[in-house]
Structure formats: C-alpha cells, structure tokens
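# Structure assessment
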Amino acid sequence: MVVQYRVLGALEVTLDGADVPVPVGRCRVLLAALLLRPNRFVSVDELAELVWDGTPPARARQSLHQVVRRLRVALGEADCVRTLSGGYEARVGPDELDLLRFRELVAAQDLAGAVKLWRGPMLTNVVSELFHRNEVRHVAEECAEVVARSKRRAPRLLPAAMPRFVGRDGHLRRLTSLAEETGPVIVTVTGTAGVGKSVLAVQWAHSTTDRFPDGQLHVNMRGFDRHREPMAPGDVLNRFLEALGVPVERIPEALDDQVALYREMTADRRLLVVLDNVRDADHVRPLLTGPSFVLITSRDRLTGLAGRDVPLDVLSAEEARTLLVSRLGEKRVDTADELVAWCGGLPLALAIVAARAAEVPHLPLSALAADLADERTRLDSLDTGDAETSVRTVFQWSYQRLSPQAARMFRLVGLHPGPDLTIPAATSLAGEPADDAVRELVGANLLVEHAPGRFTCHDLLRVYAADRAQADEPEASRAAAVERMLDHYLHTLECMNRTHYWNHLGTLEEPPVPSAGTTPEVFERSDEAEAWFHAERAVIYAVVVLAGDQGYDRHTWQLVWFMTDLVERFGLWREWIGLFARTTEVVERLGDRLQVSRFVFLRAVGHGRLGELERGVELFEAADLVCAEIGLVPGRVRAQAGIAWLLGELDRPHEAVEVARKSLALLRGFEGRTPTRMRMALYQLSGALVLAGRHAEVLELRAEWESLDGVADPHLSGQMASELARAYIGLGRHAEAVAELLGALESFEQMGTWVDVAYAENFLGDAHLGLGDAAEARAWWEKAAARYAEHEHSDEAAVRAKLDGVS
C-alpha cells in the first residue's frame, strides 16, 4: 500500500495511485493543518481555532472529535491521523508527504528536485482565512524562497575540457577529497609554466559539476601575462557578479562594497570558483570570501593563503608515454623515453610533439627525437635542466616545420593582445585569407579552438610568438599588421553603428578608412551583431589598451567612440569608464576640442549611470564650458540636459526644471536644430517637471512635440509617453494615463529595454488603482515586481510595498 499526501499545491491524497476524496470544509482544514506540521503534536485548542476560522464552538473538543472521525472514515486505509493526549498529529514519512521530501531535497542542495514538487499556490481548496494567514503563509514563504533560489542564474563559465586528458589520477582524487570537506575550502594547484595546472583544474571542474549545483565561475587572472596587465580583483568581481545575475547598474564602484555584495550573493550557494594563473596571494585575497570552494592555479606557492596546496610536477615517464599513446596509439609509441626527456615531461610540449608525429604517421618516434636533438644543436640551446628552456626548443622545432603562411600567422598572433581571436580577425591581421593557416596551427597544437570559432594559445606560446615576430617579421610588416588588426575591430564597430545602432552624438566629420587588406565583419541582423560584440568584449577592451599604449591615438579614440552606444545599451560603464577617461587625455593631446567635449560628456553619462551623481554634474558642466568655448550649441544643449537629469536624481527637481528650460531655450534659438534634438530636450524637461510636481506644464509641451516634423524614434516616443502618463496620474486623469502607458509599452516592444517595460508596468498599476480597479492594479504591479526581481533591481521593494498596501 502506497499513500501520498500533497500540500505543495492543492490538498491531495492518493492510495496506490487512486485519488482519496477528502470532504470539503472542516475535514480538509484539519488534515491540512496537521500535514503542515508533520509528525508534531498539535493541540485541540489550536486545531479548533483553525478549523472554525477563529470562532470555535462552545464544545470545541467534542466537535473536533466528530470532525476527526469523519476524516478518518473518508481516508480509510490512507488515515495518518494519530490521537495524542490533548491533541493530534499526522504521522508521515518523507516518501509519503511532499513537504517532508521537499525539505529533505533542500537540505541536500538539490533545489531543482525540490522545486519539481511545487505544483502552484498552496492549499487553495482548503477554506479558512486564519489557517492561510497563520499556517500556510509561513510554509509558502519557505517554499517560495527555495523557488527563487533555484531560479537564480547558475553560471557556467568553465572553458572547454581537454578531449584526451590522461594521468594525474592522484591529483584528481586529492581535489575530490578536499571538495568533500565541510565549510569554505581554498585549494592551490601550483607548478612550473606549462606543467598543466590550468588543464587539471578545468578537467576536474568539469568532472564534478554535480557537487556544485549553483554553478562554476572561472577567470584567467593573467598573473604571468607578458603583454597584458593582470586582472584586477575589482574587474573579476564585476564579471562574477554579472554572471551571478546582478544587473550591471547595481554593482558597486568601491572594491569593499563589491566584496560585500559578492559575499552576500555566494553565501548560501554551493559554488565552485576557479582562479587561474594567479600572480600572488594579494592578487586574489578579495575574491576568497563567500564561495564554498575556490580552486587557484599559480606558478608560485602562495604561502600567504591559508589553503591546501596541491603541487603539480612534470609528468612521470609512464604518464607521458600514456599521453602519447592517447594521441598516437599503442603501436606507434615504441621508444618514447628520449622524446619525453626532450619535452621536459610537460604536457603542452608532449601535445605539440604528438601533433607533429601525427603529420608523419610512418616516421618512428625515435627519428623525431633525433630530429629534435639536431634542431637543438643548430639553435645552440643548451639543456640547463629547466623545463621552460626545453619547451622553447620544442616550440622552435614545431615552428620551423610550419608552412610559410602558418609560420607568419603564428608570428602575427604574438602581436594580437588576446585573449583570443577569430578567423576573420586573423584574416585582417595577416592581410590575406587565414583559415588554412589557423587550422594548421591548431593541428600543430600551437593554437587551441577553446570555443567554436575562437582560438587561443598557452601563455608560453604567446610569448614565444611575440619573440618570433620581433626576430623574423620586418618592422614595417609588424606595424602594418597591427594597423590592420586595429582597423578590423574599428570598422566592424563602425559598420554595426551605421547599420544597427544610432550614435546619439552624431557621425564623425571624417569617417575612418580601413587600411588595405582589412576585412571587417558585416552583420545583416542586429542579434548577430550583438552576439559578436558580447563574444569580443574582452578582446576589444584589450585592443583599445594596446592602441593607447603603442601610440595609435586615432584608433584609440575612434574605437571608444563607436563603443559608446554599446556601452550604454548593455550597461558596461563600470567596465569602460576608465578607458573613456584615457581617451579624453588622447584627444586633449591631439588638440581636438570637439572630441574633448564629447568624451567629457560621455564620462559624465557614465558617472551618472554608476550613481556618482555629483561627479557626473561636474563633468556635464565641464562639457558645457568646452562646447561654449568652441561655439557648439547642440553640445551645450546635451550637457545642460545631462545636468538637469542628474539634478533630478539628486532630489533637486526645481533646479532641474530651470536648467532643462535653459537647455530647451538655447536649442530653440539655434538655426541648426533638428526634430530629434528638440524631442530629446522636450522629454528631458518633461521628466524634470514631473519630478517637481508641475504636471499641467508637461501637457503643454505635448503640442510642440506633435508639431515637429518626421516620426520620432520608438524608444524616445515611449519615454515621452511614460512622462505624459505620470503627469496625467498627477492630475487625476487616470484613463488618459492608461492609454499613454499602453502606447509606451507598444513602443518599447519595438526598441526598448526591460527597465523601460517595468517602468511602464509599474505606473499602469498606479493608473488602474486611480480608476478604482485594485485587481488590475495588482496584476500590473506583479508584472513589474517580477521583472525587477528577475534583474535584482532596487525598485522591486517600492513595487512590493504597493502590493502589500492593496488587498
């Protein structure tokens, strides 16, 4: 006999799969009340209060006994009610009651399994207001919290695992045993360059995903990268918090605040964090609080960290032979000891040798070993016993066997700042089709396709490629390749701006012209362009830094110029604000006051988006002064509108109105004004007037807006409609507000963000409440609250307060 009791939804009882009807009314309340406190004594007095909804009869004990008897008769063999002195209990096990099973799964961190038991609103077929208020609410909140936790984004940031990983069994077992320990654990995998630390960490992480149901985070800390600065802890926290679902605008600026938020976001999660290529203990100390398991790889021992060290040495002869067998087969690997010795036991070097051997399948490995020895002699590279020296010999050996095109491509990879590149980028870098050369490098294990269409290489290989470029590539050829590479990203961004986006600062007076041999990418659809951008974000950032460091001033400021709308659209100001400041210095040095005004303005926008309002006002005022100096009226209008925006955010609405009026008046007197600029100024003034409570004046601006030529941008139209609706709400004209907000939602569907949609939904709730329709108001507020909750936006609390205030 199998009995099932279900309370995580409607009350249900089954016996051997068949429904057992529970009588409507007091019997259901009684059973549900006992099941919500499984295997616990519940007094007669408590049960009487719940069963009779706060008004028990005079002879409650006798009356309750009658209800129990009726319930037992109805349940028959499914009866779980036990009589105790002065009360009752429901005696059930986890395999019988879904609530107990739910709690058991939560304790085991199987949130997905627990959520599957949830069938919707609890016990809606049980009627008792007191019961729902005093009993159901608490259990429903407990379950809702688990549902919310399960919906949190479980990030999966691990790179691809090695397809043929061999050896290191003892190290893998050691990591697994450490993962079984309770409490936060910090583990460091240490060893020389090229020994396979990163591969081991990633391989183990992929093999143990079930231990970390809340996700895996990974970052290359670049602690030993010769060409790029190490990753700063703040940049890593920014990336991790975004991966954990924190909206960019909610990520704090200060490192201490980022650490606190990271600790809060990871405190109750079973999460694996892999910090790869760490320079020293101070490099990662701010990243160690919170996650349950942190796995660090480094060339140094990191003695300053109170963690467990897993030292990694070169492969043993047997492990190295096993690696070669996995690549070449048992029959091929006959006398491999000398080859292993030349490779220093390093997995990376062995993989390169195996790739070379695969190209000449009939050549004995002993002949390859002799060939390697000859190369070493010709290079006059003595074996000092240092693994890195021996690997350099292997690199040279592999490099000299490349075709001329692939060898040149390898050298040029050393000029690219990384962290990876694509075939189109490689084509521009080389100035000729690069697909065959890149594939040859992959076949030689000098490049790895770590993600579809994206190629990277080990740090040692990147250093070696840069050395070869310096030695073997003429200076003029290197300079031309760098310029083509910069042009590749610049003109891809320029095409995206021209085709799919609208740069609100206008177009460049002298559009850039790509250098010969550059083949920028073109995207027919905006979603393809956005996918490219998200994949290339880190590369573009590194390219801008390289351009600035190497004196390519035009590329520096123009790359940032064409990034403007993408940074704004995807909320990347925290990541890019520093480069906007550096770019301002570049255009200052060039004496281009027009661009100075624009980049100071953009920095002001960025600081405003980051909540640094006073600094934003200062920079908008500075932009206004520069524009006045060069007689740029549209620039002054934009800067003053920005001041008005931030004054409103600073709760200084009346000052904001005056500045916005000044901006609009300046534009009205400008002969070069355009309808788009006029609409922007009218919208800015409308927002300030709403904040100041001057609602009638907002409506007066509508006639001027509608008299302007052309069709307004849908996004701006939606924003203006939202402000008009707020004015109507302020005037008590709620039906008109509803019409405006529905139109705004329609506009935002064409061109808008989730924030715009939530904003309109929130005020639709206000408008419907003003019309006396509380149910419709709640429906809109619930939509807005859910949207804010999904993005963990601070406005959720205000919307929830509205919901709590309306029954």
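I will try to describe carefully the structure that is included in this document. (Residues numbered from 1 in each chain as written. Predicted model: local features only at pLDDT ≥ 70, side-chain atom pairs only at ≥ 80, totals over all residues. Heavy atoms only, no water.)

## Concerning unusual backbone geometry
A cis amide bond, omega 5 degrees, links G418 with the succeeding residue P419. Within the secondary structure, P419 is located in the loop between α17 (404-413) and α18 (423-430). In this model, L123 sits at a positive phi of 50 degrees, which is unusual for a non-glycine residue. Note that L123 resides in the loop between α5 (111-116) and α6 (129-151). Using a relative accessible area of 0% as the deciding quantity, one classes L123 as buried. (Helix = DSSP H or I, 4+ residues; strand = E, 2+ residues; numbered from the N terminus. Buried < 20%, exposed > 50% of the residue type's maximum accessible area, 1.4 Å probe, protein only.)

## What about the pairing of strand β7 (residues 185-190)?
With respect to burial, β7 is a largely interior element, six of its six residues being buried. Here β7 pairs with strand β10 (residues 293-298) via six bridges, running parallel. Note that in β10 the partner of V189 across the bridge is T297. Pairing analysis gives four bridges linking β7 to strand β11 (residues 308-311), with the strands arranged parallel. (Pairing = 2+ DSSP bridges.)

## Things to note about the packing of aromatic side chains
Counted by the stated rule, this structure contains 15 aromatic pairs. Seen from their ring centres, Y399 and F410 are 5.8 Å apart, and the 45 degrees between their planes marks the pair as tilted. Placement of Y399 in helix α16 (residues 387-399) and of F410 in helix α17 is noted, with a sequence separation of eleven residues between them. For the pair Y399 and F410, one class covers both residues: buried. Between Y399 and Y464, the aromatic rings sit 6.2 Å apart at their centres with planes inclined by 85 degrees, giving edge-to-face as the arrangement. Placement of the pair is Y399 in helix α16 and Y464 in helix α20 (residues 459-472), with a sequence separation of 65 residues. (Phe/Tyr/Trp six-rings, centres within 6.5 Å; stacked < 30°, edge-to-face > 60°.)

## A word on the pattern of salt bridges
Counted by the stated rule, this structure contains 47 salt bridges. The closest approach of N and O atoms between E242 and R537, which form a salt bridge, is 3.6 Å. Taken as a pair, E242 in helix α9 (residues 233-243) and R537 in helix α22 (residues 526-549) lie far apart in primary sequence, 295 residues in all. Residue class for E242 comes out partly exposed when judged on its relative accessible area of 22%. Salt bridges sharing common partners tie together R408, R411, E432 and E473. (Salt bridge = Lys/Arg side-chain N within 4 Å of Asp/Glu carboxyl O.)

## Focus on helix α12 (residues 317-328)
For an α-helix, 3.6 residues make a turn, and residues three or four places apart therefore share a direction. In this model, α12 (twelve residues) spans 16 Å end to end at C-alpha, consistent with the 16 Å of a helix rising 1.5 Å per residue. G329 lies just past α12 and shows a positive phi near 95 degrees. (Expected span 1.5 Å × (residues − 1).)

## Some details on the sheet that holds strand β5 (residues 81-84)
With antiparallel pairing, the three strands of this open sheet are ordered in space as β4-β6-β5. Both outer strands of the open sheet, β4 (42-43) and β5, are each paired with one neighbouring strand and no more. In this structure, β5 lies alongside strand β6 (residues 87-90), joined through four bridges in antiparallel fashion. By the bridge assignment for β6, L84 is matched with G87. The strands touched by helix α1 (residues 26-35) within the sheet are β4, β5 and β6, with β6 carrying the most contacts at an inclination of about 70 degrees. (Contact = heavy atoms within 4.5 Å. Axes fitted to C-alpha atoms, helices over the stretch in contact; angles between N-to-C directions.)

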